[in-house]
Amino acid sequence: MAHLGRRLALSRIFVPGGSVFRRLGSVAMEDMGLALSRSPLERLEFDNVALRRLPLDPSEEPGARQVKGACFSRVRPQPLTGPRFVAVSHDALALLGLSGEGVANDPLGPEYLSGSKLMPGSESAAHCYCGHQFGQFAGQLGDGAACYLGEVKVPPGQDPELLRENPSGRWEIQVKGAGLTPYSRQADGRKVLRSSIREFLCSEAMFFLGVPTTRAGSVVTSDSKVIRDVYYSGRPRHERCSVVLRIAPTFLRFGSFEIFKQADEFTGRQGPSHGRDEIRRQMMDYVIEMFYPEIQQNHPDRVERNVAFFREVMLRTARLVAQWQCVGFCHGVLNTDNMSILGVTLDYGPYGFMDRFDPEFICNASDNSGRYSYQAQPAICRWNLVKLAEALAPELPPARAEAVMDEYLDLYNGFYLENMRKKLGLQKEEPEDEILITELLQTMHDTGADFTNTFRSLSQISCPAEGEGGGEEELVKKATELLLEQCASLEELKAANKPTMDPRELAMLLSMAQSNPALFQMISDRMTISRQLDKLSRLKDLMETGQEELKTKQAEEWTCWIARYRKRLARELEGQSDVQAVQEERVRVMEGTNPRVVLRNYIAQNAIEAAESGDFSEVQRVLKVLEKPFSSQPGLELPARVGGGGATGQGERDEGEDQQQESASASTSAARDLVPYDSKPPAWATEICVT
């Protein structure tokens, strides 16, 4: 509007000859009309500080290559054919001062938010980083499919809490799936509809669960196609190129600092900018000044500043992984290049929210060793922090970093216990709470209880009140019946405990572990074999058990735990004059901590299949449900449809090869029942494989 005002002011300058004055006024009015009809995305104010403060690759040579001495490379996103919105997040777009409705109705919106067309002020680039992947240094990685579009200035009137979390005053926006970059390696830089929908929905789901995360403003699909072999089965198919708009204060990560790594002693790989210590120094100055200004202001000594910065990253990471554990979230690929320097959840690939509680839950079907299992996440995050500390040396003295890392476990345990007490409705801190929580999780594991729904049900177990007397047994029985509804059946437990390794392979490896330990270590590990043997042992016990016997055993285990829980709840009432108020506050806290709905794989899959057949309404519906995960929303209890097939309209499939895929999807869908979003997963959910 300042630009507009300038034009109007010029039109009021007196020029001899009325006709000239009228002509200037007329031009100005036309310009004003154009300005008012512009795309709202054209009015975003960019201030691309990262590209000014950090080294840019001078080469614009196309194709994959090593990028030395630079943090970013200029790239040009590749346009899509027929881009169109699948969904937009009104809440995320508001961070940029945009109306979700305005963007959704903007004819240029899908082009701008897919990178097919660049907004005024936008500068497109790809970030160079390295990473340890599955424990091994992989060398240069970088944004192989993501593209930085610039940094949008925070609009006036933004929530002060958001400004506290993002003190830079800018939101970095990037598009994921916009085409080739120097870091694409053998890939094509494209993402497809299923992966884009999963990233879009989970980014927003995590935010509304209260878990620190990058955001997703929109997902766009198109008529452009790529070939993908979904399950690496040798049956590739054409899929639509799709793009997610991602929003964060910055997408810098642990791996951003690994570009300086000397040759790795195990892999021999090195960072592309090894030896360039001045760039490491430059990056640290940028990150601390922009995103940790209080640390910059409070520590004039450089070494003390850097130690304080690392401690804050460690603290945020410990708090983040504790939050993941408490909502049953498994990231799936916790490589150092997927860990944010801000301590927020970054890069949503083969993630999963746990259904039946299993500490060994692995959401990524490619993670054969279970390195990134649910129970391993706190330790893996610690390992990644150690790698970050190594990458920051000598700016961060190793001895000081080690002292900081000594604090990690206690901090993590503190955050975890704090969250778990809220989930159990415990306001007082008692020494026995840790045992109570451990016994709860053990009971959930033994009975195959649903993680999300079991915690949600706990608020229905009341504190013991004075004068209940003989009613205690009846109350415990009702509570047990409530929790038994969330337990797995005999067949479900048998399926869950079926070893994933062929019995002949397992026998061969067991023999090798005895006869040739060195060879065994090269092709397997004792933890993997131990897990398989545990599954075999549990399966053997289950084969000798009947359904009624199992249910009786489950009831006994829950009765025992509930009795302990109610005794602990009784201590919450000690010294309280208003027991009713304590009860109500406990329920309020629990129902605001234990979600009713999380993005289970089957919910995402249902929306994906609908979208792949041209119906985007289920993606939009699921987003609405996830925006209020702690409460019931009348009219949004069930999916509007199950799976793909039958839908027409935007995003229709091509005839021929895709028709076969659609009819298969439709026949699969026909056999599925509508399941409420807050229910245990249906039987078909176990068939979903995410890699």
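Predicted, not measured: the structure shown is a model, and the values here were computed from it.

Let's talk about the overall build of the protein chain
No. 1: Secondary structure assignment for the protein chain yields 26 helices and 13 strands.
No. 2: Counting all 691 residues of the protein chain, 54% fall into the buried class.
No. 3: A separation threshold of at least 6 residues defines the contact pool for the protein chain, and within that pool the share at least 24 residues apart is 74%.
No. 4: Counting every atom, the protein chain has about 30,800 Å² of accessible surface; 52% of that belongs to carbon and sulfur.

Overview of a negative patch on the surface
No. 1: There is a patch of like negative charges on the surface, built from Glu473, Glu474, Glu481 and Glu485.
No. 2: Here Glu474 is to be found in helix H17 (residues 472-484).

Details of the side chain of Arg240
No. 1: Looking at the secondary structure, you find Arg240 in strand E11 (residues 237-248).
No. 2: Among the residues examined, Arg240 registers a relative accessible area of 9% and is labelled buried.
No. 3: A distance of 3.1 Å separates a polar atom in the side chain of Arg240 from the backbone oxygen of Ser222.
No. 4: A polar contact is formed between the side chain of Arg240 and the side chain of Asp223, at a distance of 3.2 Å.

Some remarks on the packing of aromatic side chains
No. 1: Here the structure, examined in full by the defined rule, presents 17 aromatic pairs.
No. 2: Measuring from centroid to centroid gives 4.9 Å for Phe134 and Tyr372, while their planes differ by 45°, and the two rings are tilted. Placement of Phe134 in the loop between strand E5 (130-133) and strand E6 (136-140) and of Tyr372 in the loop between strand E13 (352-353) and helix H12 (377-392) is noted, with a sequence separation of 238 residues between them.
No. 3: Note on Trp561 and Tyr565: the rings are 4.8 Å apart at their centroids and 20° apart in plane angle, and the pair reads as stacked. A residue pair is termed a helical-turn pair when its members lie 3 or 4 positions apart in one helix, as Trp561 and Tyr565 do in helix H22 (residues 547-572) at 4 residues. In this structure, Trp561 and Tyr565 share a single accessibility class: buried.

Considerations on helix H19 (residues 503-515)
Along an α-helix, residues three or four positions apart point the same way, because every turn accommodates 3.6 residues.
No. 1: Its 13 residues give H19 an end-to-end C-alpha distance of 18 Å, which sits within 8% of 18 Å, the value for a rise of 1.5 Å per residue.
No. 2: Along H19, the residues classified as buried are Leu506, Leu509, Met512 and Ala513. Projected down its long axis, H19 shows its buried positions confined to an angular sector of 125°, all on one face. Exposed side chains of H19 directed beyond 90 degrees from the buried face belong to Pro503, Arg504, Gln514 and Ser515.
No. 3: In this structure, the buried residues of H19 make contact with helix H20 (517-523) and helix H21 (526-543).

Observations regarding the pattern of salt bridges
No. 1: Overall, the coordinates contain 46 salt bridges when judged by the stated rule.
No. 2: The residue Arg600 makes a salt bridge to Asp450 at a minimum N-O spacing of 2.8 Å. Taken together, the residues Arg600 in the loop between helix H23 (579-591) and helix H24 (601-612) and Asp450 in the loop between helix H15 (433-447) and helix H16 (451-457) connect sequence positions 150 residues apart. Across the pair, Asp450 and Arg600 agree in class, each one buried.

Observations concerning unusual backbone geometry
Phi is mostly negative for residues that are not glycine, and the peptide bonds are mostly trans.
No. 1: With an omega of 5°, the peptide bond between Ala393 and Pro394 qualifies as cis.
No. 2: Examined against the element boundaries, Pro394 turns out to sit in the loop between H12 and helix H13 (398-405).
No. 3: If you check the backbone angles, Arg185 has positive phi at about 50° while not being a glycine.
No. 4: With respect to the helices, strands and loops of the structure, Arg185 is situated in the loop between strand E8 (170-176) and strand E9 (191-192).

About the thresholds
- Residues numbered from 1 in each chain as written.
- Predicted model: local features only at pLDDT ≥ 70, side-chain atom pairs only at ≥ 80, totals over all residues.
- Heavy atoms only, no water.
- Helix = DSSP H or I, 4+ residues; strand = E, 2+ residues; numbered from the N terminus.
- Buried < 20%, exposed > 50% of the residue type's maximum accessible area, 1.4 Å probe, protein only.
- Contact = heavy atoms within 4.5 Å.
- Areas by Shrake-Rupley, 256 points an atom, 1.4 Å probe, with all protein chains shown as cover.
- Patch = residues over 30% accessible without salt bridge, like charges linked within 9 Å, V, L, I, M, F, W, Y side chains within 5 Å.
- Salt bridge = Lys/Arg side-chain N within 4 Å of Asp/Glu carboxyl O.
- Lys, Arg positive; Asp, Glu negative; His and termini not counted.
- Charge placed at Lys NZ, Arg CZ, Asp CG, Glu CD.
- Polar contact = N/O pair within 3.5 Å; in protein donor to acceptor, adjacent residues only side chain to side chain.
- Phe/Tyr/Trp six-rings, centres within 6.5 Å; stacked < 30°, edge-to-face > 60°.
- Expected span 1.5 Å × (residues − 1).
- Arc of directions from axis to C-beta.

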